[in-house]
Amino acid sequence: MENKEKIVLNEIIVEEKLTYLSDTDIEEAHKESEFEDLKREEKSFISDLKINTYHNYKSDSERTTHALASDKYTQEFRPKLKKAHKEFKEIRNKRNTADRIISVWQTQYKRGSV
């Protein structure tokens, strides 16, 4: 079994995490909004490609496949969507971690371990 150090949570660490949560709540909302907006925009982008570029294909699935594989989608739109998703998930995960640290501290505090 590995020898792991015990992490001691104290009021200073918890205060830092609370400050982080307070300082990043609006930023997280903006990142989420940007990502959701791009997801909605993606549908229009693909529809436009299907109508304007791949209209000669008979089935909708063929038009969709070609639109998603197109340079216009993969080089222009997809990178923006991936970047927005990454930024949103990063801040969401950091905030979730801070929240879990606070929850662990609260549990320890209630038990008298702190």
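Sequence order as written defines residue numbering, which begins from 1 separately in each chain. Reporting in this predicted model follows two pLDDT cut-offs: at least 70 for local features of residues, and 80 or more for side-chain atom pairs to be given and counted; totals over whole chains, interfaces and linings ignore these cut-offs and use all residues. Note that the side-chain values use all heavy atoms of the structure and ignore hydrogens as well as water.

### A word on the overall build of the protein chain
Comment: elements are numbered from the N terminus, with helices defined as DSSP H or I runs of at least four residues and strands as E runs of at least two. The helix and strand tally for the protein chain stands at three helices and zero strands. Values of the radius of gyration come from C-alpha atoms, whereas the globule rule sets the reference at 2.2 Å times the count of residues to the power 0.38. Over its C-alpha trace the protein chain gives a radius of gyration of 23 Å, far above what one expects of a compact globule, namely 13 Å for 114 residues. Among the 114 residues that make up the protein chain, the fraction classed as buried is 25%. When contacts within the protein chain are restricted to residue pairs at least 6 apart in sequence, long-range pairs at least 24 apart make up 72% of them. Accessible surface area values rest on a Shrake-Rupley calculation with a 1.4 Å probe, where residue burial reflects the displayed protein chains alone. Accessible surface, the protein chain: about 8800 Å² in total, of which carbon and sulfur atoms supply 49%. Charged residues are defined here as Lys and Arg on the positive side and Asp and Glu on the negative side; His and the ends of the chain fall outside this count. Every charge is mapped onto a representative atom, which is NZ of Lys, CZ of Arg, CG of Asp or CD of Glu. Averaging the positions of the 23 positive and the 23 negative side-chain charges in the protein chain gives two centres separated by 5 Å. Summary of the burial criterion: residues with accessible area below 20% of their type's maximum are buried, those above 50% are exposed, and those between are partly exposed, where the area comes from a 1.4 Å probe applied to protein chains only. By definition, residues are in contact when any of their heavy atoms lie within 4.5 Å.

### Side note on helix H1 (residues 11–52)
Structurally, the α-helix is built with 3.6 residues per turn, so residues lying three or four positions apart point the same way. The end-to-end C-alpha distance of H1 is 60 Å, a good match for the 62 Å that 42 residues give at a rise of 1.5 Å each. Those residues of H1 not exposed but buried are Val 14, Leu 21, Thr 24, Glu 28, Lys 31, Phe 35, Leu 38, Glu 42, Phe 45, Ile 46, Leu 49 and Lys 50. For H1, the secondary structure elements touched by its buried residues are helix H2 (60–69) and helix H3 (71–111). Polar contacts, as counted here, are pairs of nitrogen or oxygen atoms within 3.5 Å of one another; within protein the pair requires one atom able to donate a hydrogen and one able to accept it, and residues that are adjacent in sequence qualify only if both atoms are side-chain atoms. The N-capping residue of H1, defined by a side-chain oxygen 3.0 Å from the backbone nitrogen of Ile 12, is Asn 10. The length a helix should cover is 1.5 Å for every residue beyond the first.

### Digging into the environment of His 85
As for its placement among the helices and strands, His 85 is situated in helix H3. The class of His 85 is partly exposed, set by a relative accessible area of 34%. For His 85 and Leu 38, which are 47 residues apart along the polypeptide, the C-alpha to C-alpha distance reads 9.2 Å.

### Here we look at the pattern of salt bridges
One speaks of a salt bridge when a side-chain nitrogen belonging to Lys or Arg is within 4 Å of a carboxyl oxygen belonging to Asp or Glu. Applying the stated criterion across every chain, the model contains ten salt bridges. Arg 63 serves as the salt-bridge partner of Asp 60, at 3.7 Å between the closest nitrogen and oxygen. Taken together, the residues Asp 60 and Arg 63, both in helix H2 and three residues apart, mark about one turn of the helix. For Asp 60, a relative accessible area of 41% translates into the label partly exposed. On the accessibility criterion, Arg 63 (19% relative accessible area) is buried. Where Glu 87 meets Lys 83, a salt bridge forms, and the shortest distance between an N and an O atom there is 3.2 Å. Remark: Lys 83 and Glu 87 occur in helix H3; sequence separation between them is four residues, near one turn of the helix. Judged by its relative accessible area of 52%, Lys 83 is exposed.

### Brief notes about the side chain of Glu 28
Within the secondary structure, Glu 28 is located in helix H1. A distance of 2.4 Å separates the side chain of Glu 28 from the side chain of Arg 92, its partner in a polar contact. If near-sequence neighbours (up to four positions away) are discounted, Glu 28 is found in contact with Phe 88, Ile 91, Arg 92 and Arg 95.

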